[in-house]
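Chain residues, written in single-letter form:
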Amino acid sequence: MAETKSGRFQIGSVLADFDTNRIHAESGTVKVPPKPMALLFLLVERGGQPVSRDELIESIWEGNAYVGKRGVTDAIHRLRKVLDDRSEQPRYIETIPKTGYRLLVEAVPEATAVEPVPAVPVAAAPAAPAAPDPADQNRRGLGLRRFGQAALTLTIVLLGASLLFRGDELPQPPAGAPRPGNMVPVTYQPGIEHDTALSPDGTQLAYAWINQRGRSRIMLRDLSLAGETARALNDAPGLQRFPTFSPDGMRLAYVRLGLPTGPAIVVADALGGEETVYDGIGLAAGVSIDWSPTENQIAFSRYDADAGLGGIALLDLQDGGMRWLTSATGSHYFVDRGAVFSPTGDTLAFLRTSGMGVDLFTVTTDGAVRQVTRVGADIWGLDWMPDGLSLVFASSRLGDQGMNATLWQTDLAGALQFIGGGPESHYFPVVDPSGTAVYVYVARPRMDINAVTLGGADVVQPEPRITSIGADQDPHFDPGRNRLVFASTRDGGGEIWTADRDGAHPLRLTSLKARAAFPRWSPDGSHIAFIAHDGVRTLHLLEPESGAITRLGEVGAMHVCPSWSRDGRSVYAVKQVAGSLNLWRIPVAGGAGEAVIEAGGFYGQESPDGQTLYFTKHSDDGLWAKPVGGGEARLVIDWQGRSGITWLPLSDRILFLSNDADGPAILAFDLASGRSQVLAKFPPEITVASRPWTFVPQTNRLFFTGAVENEGDIHKLELDWTP
């Protein structure tokens, strides 16, 4: 990574703080990712002299032209957004054709500068954790070979998790919590470094590294040696995730995705060598595992598709036998997850999702389950304190920390203490065996709404249409109004916005501060259906002109992934009742609605003529269809892996997403011939997020959510327990 820059400079009418990566302006304070700030610092250093693109790539992207070319363009674009600058009439940054860029205004060090009037900070958009989620993790994780896809599993997918499972705010903590001290990065490679694991003595760090080209490896680093670089455990195919150490620290187990037989647990010597692979065990993809500190067994999240059961299971590494600790009827997406053994090995803590959100539970090795917390919040990772009497977890909440994920501690009776937070979200805590530090993952994602003309060149670059410093997502077009509706966190909250057909002139419609998402125009353009938090994730209707919002659906049930019936009388949504998910039709006039298939429905959309309902399932691959008026379901497209919501029915074809090592592609399945054709092919570095699409027939363009930047590192947060 580029060298850290420091100092504060007055640049025109803004103050750039390179110590905290913030730009202060009259309109507010914006947190800017490190790479755009490093680029700005180079321009400041040159004092108005041009800086070439090659030099920027060499300095900031370590000479990686593959990523740096797009990185420079994105960094300049982001800086111009923050500075309210325009390339055609620049006030701050000038583009010099075939040369590079230069700063047009003088940069004055803070010692002689006048700081602008402080304003209310704008919260940075949070990243997404790797928890199963019916709206975003709509693939099993098989065949994820690219950086974009891997980043999706870690970040974009779980931005959606917060939309679905966020509960009430956590209570204010009692006094006596530890004070956070210094936080320093401990991994430095470009790409994503995550899935922290510490050896029992705390001297060895294992983690998963995904580079920009999509290669994924388990890395090992000796923390006892200053300056020691990490080494790769192997160079195996597939996506390697979630390492965990054996009790003696001599072996590692980890998850391997992308195998023909499905997700597997791999056990290998910490020095490398022969592997033992446990596949076909029903391992839920995208979920961590943990090795018992006292036994030769591993806890993992299991889903038995034949029995329809999911929960926490133990794998015996001696004979490969398995036994359930928790199990319940449900779906692949709602298994108990994230199990972590206590220091004594007789109890495990884990996360359980319900309609009210996520809470911490414990289960003993003989199967006794007990609920610990009752907050129904987003919880992204947990670990035990060394004494085994309390747990540390990460959670996002509203309040003084905005939507950032912060660290909390709870005893086994559920009494909470706030540990700490910061300008960036802290995810997936792992406690040092000494109890004096917590290792956390800090991610830097961003999403834009892009457009692509279908049927063009073989390999195309998407056109950014709606961009900001936050996450812009879930576009939907209304032909009558000739406008787009979308969700955005650009102002620090999750709100519903509209824009012109080309993405210009965005206008905010709501002030909910509730991470609203999945907005969909009604067929007549009079209302917008969307999801927001109202005790649980609930379906709402918005009247754009008046701003009036009406709640739909059954009180106390969770509703996600809405779409309209063509007659405008009802909204389809995934609904959870008593822990079971299915596709329901919710009447606009009021009422609980009805299930539209027997069980296991995921996301549904009607054909343009309103005669056919297309839908996906939780446990079965492919796209299905049945008459809207009732009848038998039939398989339409037998695609491999899940594409839960990244598809769209048109009058004569179905558009859907395909991902492979060569990059994502948009395909059209012809309903008459039953054949598929590629309409747009993207290069491998492009990520198409697993979120709903929209089509603008007047311009033959598809609008979709794409990932702009995905990087993340492991940081060490020191804790001060002095009263």
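Reference entry: report on the structure contained in this document. (Residues numbered from 1 in each chain as written. Predicted model: local features only at pLDDT ≥ 70, side-chain atom pairs only at ≥ 80, totals over all residues. Heavy atoms only, no water.)

### Re unusual backbone geometry
Residue F428 is not a glycine yet carries a positive backbone phi of 50°. Note that F428 resides in strand β32 (residues 427–431). According to the relative accessible area criterion, F428 is partly exposed, its value standing at 22%. The backbone of N482 shows a phi angle near 60°, a positive value even though the residue is not glycine. Assignment of secondary structure puts N482 in the loop between β35 (472–478) and β36 (483–488). (Helix = DSSP H or I, 4+ residues; strand = E, 2+ residues; numbered from the N terminus. Buried < 20%, exposed > 50% of the residue type's maximum accessible area, 1.4 Å probe, protein only.)

### As for the pattern of salt bridges
In the structure shown here, the tally under the stated rule is 15 salt bridges. The salt bridge partner of R256 is E275, with a shortest N-O separation of 3.0 Å. On the criterion of sequence distance, the pair formed by R256 in strand β16 (residues 251–257) and E275 in strand β18 (residues 275–278) is long-range, its members being 19 residues apart. Salt bridges sharing partners connect three or more residues here, namely E463, R465 and R701. (Salt bridge = Lys/Arg side-chain N within 4 Å of Asp/Glu carboxyl O.)

### As for the side chain of H426
Tracing the backbone through its elements, the reader meets H426 in the loop between β31 (416–420) and β32. For H426, a relative accessible area of 3% translates into the label buried. Contact partners of H426, with chain neighbours within four places excluded, come to M183, A394, A405, L407, G420, G421, V440, Y441 and V442. (Contact = heavy atoms within 4.5 Å.)

### Here's the deal with the side chain of K575
Topologically, K575 is positioned in strand β44 (residues 570–577). A distance of 3.2 Å separates the side chain of K575 from the backbone oxygen of A592, its partner in a polar contact. Among residues more than four places away in sequence, those in contact with K575 are E554, A557, M558, H559, S580, L581, N582, W584 and A592. (Polar contact = N/O pair within 3.5 Å; in protein donor to acceptor, adjacent residues only side chain to side chain.)

### Observations concerning the layout of surface pockets
A probe as big as a water molecule, rolled over the atoms, marks out the empty space that is left. When its volume is computed, the second largest pocket comes out at roughly 1000 Å³. In terms of lining residues, the second largest pocket is bounded by 48 residues, among which T196, D290, V340, D383 and V430 are the most central. Looking at the lining of the second largest pocket, the elements with two or more residues in it are β11 (192–198), β15 (239–245), β19 (290–291), β24 (337–341), β28 (378–384) and β32. In terms of residues, the lining of the second largest pocket owes the most to one element, β28, which gives six residues. A breakdown of the residues in the lining of the second largest pocket according to their chemical character gives 32 nonpolar, 10 polar and six charged. (1 Å grid on protein atoms, 1.4 Å probe; cavity = no way out; pocket = protein on both sides within 12 Å on 5 of 7 lines; lining within 4 Å. Points joined across faces, edges and corners; volume = space filled by probe spheres on them. Nonpolar A, V, L, I, M, F, W, Y, C, P; charged D, E, K, R; others polar.)

### With respect to the environment of P692
Mapped onto the elements of the fold, P692 is located in the loop between β55 (687–688) and β56 (694–696). The exposure class of P692 is buried, given its relative accessible area of 4%. Along the primary structure P692 and T705 are separated by 13 residues, whereas in three dimensions their C-alpha atoms are 7.9 Å apart. Excluding anything up to four places from it in sequence, P692 contacts D474, P475, F518, R520, Y603 and I645.

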